[in-house]
Amino acid sequence: MTDLSSWTGVPRPQRQVLEGRYVRLEPLDPARHGDNLLESARQPGADDRFRYLFEETPADGAAFDPWLIKASSSEDPLFFAVIDRRTNRAEGRQSLMRIDTVHGVIEIGNILWGPAIARSRIATEALYLFAAYAFDSLGYRRFEWKCNDLNEPSKRAAQRFGFAFEGVFRQHMVTKGGNRDTAWFAMIDSDWPQIRAGYEAWLQPENFDATGEQRSKLAVS
């Protein structure tokens with residue numbers, strides 16, 4: 001059994017920039033990121049991308065701005081814009097949430113990676129930067145991913161990223177007028193060294209061709 005007699009908890013994540021090779025995560029700022037994020041959110045297929053989020057697809061800036069202002073001022077969830085370093089555009093958002101400093105547990109959630117970065121090295125590195133920040137910089141013991149159990153793409157993504165499936169909480173929430181059973185996934189600090197090595201090998205520039213397509217698949221288990 002792990003001896004935690006000297007455990008004193010961990011600090012809260014801060015509003016700071018997290019830099020990667022392909023992506024930069026910036027604390028969400030309406031003035032800096034709002035126009036890009038609205039444009040990204042409104043790209044074709046928007047209703048499918050918003051289906052399992054808590055908010056609806058924004059029809060226009062007037063509908064989007066209240067969410068943006070509320071999200072940018074929130075401490076938990078703590079939102080970041082996902083910046084494609086090639087274009088310097090905000091092409092998505094994600095948050096650190098359900099922040100439990102006493103027990104060292106934190107979750108990535110509210111993920112919306114627009115079509116310009118979804119299923120790319122940019123999105124993968126955005127996830128990696130959060131995990132590295134949680135485990136390596138802040139000392140958290142557990143990093144979680146949760147989603148609607150009907151959301152098959154999200155469940156596949158969680159396992160690709162190295163989260164272990166832990167079960168389903170039945171009738172966990174009521175969302176958008178319907179029931180949500182929630183699928184739980186997590187990685188823990190003892191998993192992280194092997195997972196981190198897989199990410200860092202996969203993210204090397206030589207693993208991608210001139211169009212950004214991967215040469216080998218992410219291997220984190």
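Since the model is a prediction, treat every value here as computed from it, not as a measurement.

The rules behind the values
Residues numbered from 1 in each chain as written. Predicted model: local features only at pLDDT ≥ 70, side-chain atom pairs only at ≥ 80, totals over all residues. Heavy atoms only, no water. Axes fitted to C-alpha atoms, helices over the stretch in contact; angles between N-to-C directions. Helix = DSSP H or I, 4+ residues; strand = E, 2+ residues; numbered from the N terminus. Parallel < 35°, antiparallel > 145°, perpendicular 65-115°, else oblique. Left-handed = near helix turned anticlockwise from the far one by under 90°. Contact = heavy atoms within 4.5 Å. Buried < 20%, exposed > 50% of the residue type's maximum accessible area, 1.4 Å probe, protein only. Arc of directions from axis to C-beta. Pairing = 2+ DSSP bridges. Salt bridge = Lys/Arg side-chain N within 4 Å of Asp/Glu carboxyl O. Core = buried A, V, L, I, M, F, W, Y, C linked by side-chain atoms within 4.5 Å. Phe/Tyr/Trp six-rings, centres within 6.5 Å; stacked < 30°, edge-to-face > 60°. Lys NZ or Arg CZ within 6 Å of the ring centre and 35° of its normal.

## Digging into the packing of helix H1 (residues 30-41) against helix H3 (residues 61-73)
Closest axis-to-axis distance for the H1/H3 pair is 11 Å, and the angle between their directions is 135°. Between H1 and H3, the angle falls in the class oblique. As for how H1 packs across H3, the hand of that crossing is right-handed. Here Pro30, Gly34, Leu37 and Leu38 of H1 come into contact with H3, specifically with Gly61, Phe64, Leu68 and Ser72.

## Observations concerning unusual backbone geometry
With an omega dihedral of 10°, the bond running from aspartate 76 to proline 77 counts as a cis peptide bond. Relative to the helices and strands, proline 77 resides in the loop between H3 and strand E3 (78-84). Although it is not a glycine, arginine 98 sits at a positive phi angle of roughly 45°. Of note, arginine 98 is situated in strand E4 (residues 89-100). Phi is positive for lysine 176, which is not a glycine, with a value near 50°. Mapped onto the fold, lysine 176 is located in the loop between strand E7 (164-175) and strand E8 (178-188). Classification of lysine 176 as partly exposed rests on a relative accessible area of 39%.

## Concerning helix H6 (residues 192-202)
All of the buried residues in H6 are Trp192, Ile195, Gly198, Tyr199 and Trp202. Around the axis of H6, the buried residues are gathered within 125° of arc, so they sit on the same side. Buried residues in H6 make contact with helix H4 (121-137), helix H5 (152-160) and E8.

## Some points on the sheet that holds strand E5 (residues 105-113)
With respect to topology, eight strands assemble into an open sheet ordered E1-E2-E3-E4-E5-E6-E8-E7, the strand pairing being mixed. Among the strands making up the open sheet, the edge pair consists of strand E1 (18-19) and E7.

## A look at the pattern of salt bridges
Within this structure, the stated rule accounts for 17 salt bridges. Put simply, arginine 93 and glutamate 55 hold a salt bridge, and the shortest N to O gap is 2.6 Å. Linking arginine 93 in strand E4 with glutamate 55 in the loop between helix H2 (46-50) and H3, this pair joins segments that are 38 residues apart in sequence. Neither arginine 93 nor glutamate 55 differs from the other in exposure class; each is buried. Connected via shared salt-bridge partners are Arg98, Glu107, Arg142, Glu144, Lys146 and Glu166.

## A word on the nonpolar core
Counting 45 residues, the largest nonpolar core has Leu25, Leu127, Phe143, Trp145, Phe163, Trp192 and Tyr199 as the members making the most contacts within it. Residue assignment for this core shows that the elements contributing at least two residues are strand E2 (23-27), E3, E4, E5, H4, strand E6 (142-148), E8 and H6. The biggest single contributor to this core is H4, with 12 residues. When sequence neighbours within four positions are dropped, the list of residues in contact with leucine 127 reads Gln94, Ile108, Trp113, Phe143, Trp145, Phe161, Phe163 and Tyr199. Leu37, Leu68, Ala71 and Ile83 belong to the second-largest nonpolar core, a separate cluster that totals 11 residues.

## Details of the environment of alanine 126
Inspection of the secondary structure puts alanine 126 in helix H4. On the basis of relative accessible area, alanine 126 is assigned to the buried category, the value being 0%. Separated by 46 residues in the primary sequence, alanine 126 and phenylalanine 80 have C-alpha atoms spaced 10.0 Å apart. Non-local contacts of alanine 126, meaning those with residues more than four positions away in its chain, are made with Val23, Leu25, Val82, Gln94 and Trp113.

## A word on the packing of aromatic side chains
A full pass over the atoms with the stated rule returns 16 aromatic pairs. Seen from their ring centres, tryptophan 202 and phenylalanine 208 are 5.0 Å apart, and the 85° between their planes marks the pair as edge-to-face. The exposure classification of tryptophan 202 matches that of phenylalanine 208, with both residues buried. Among the aromatic side chains, those forming a connected cluster through ring pairs are Trp113, Tyr128, Phe135, Phe143, Trp145, Phe161, Phe163, Trp192 and Tyr199. Cation over ring: arginine 141 sits above tryptophan 7, and NZ or CZ is 5.9 Å from the ring centre.

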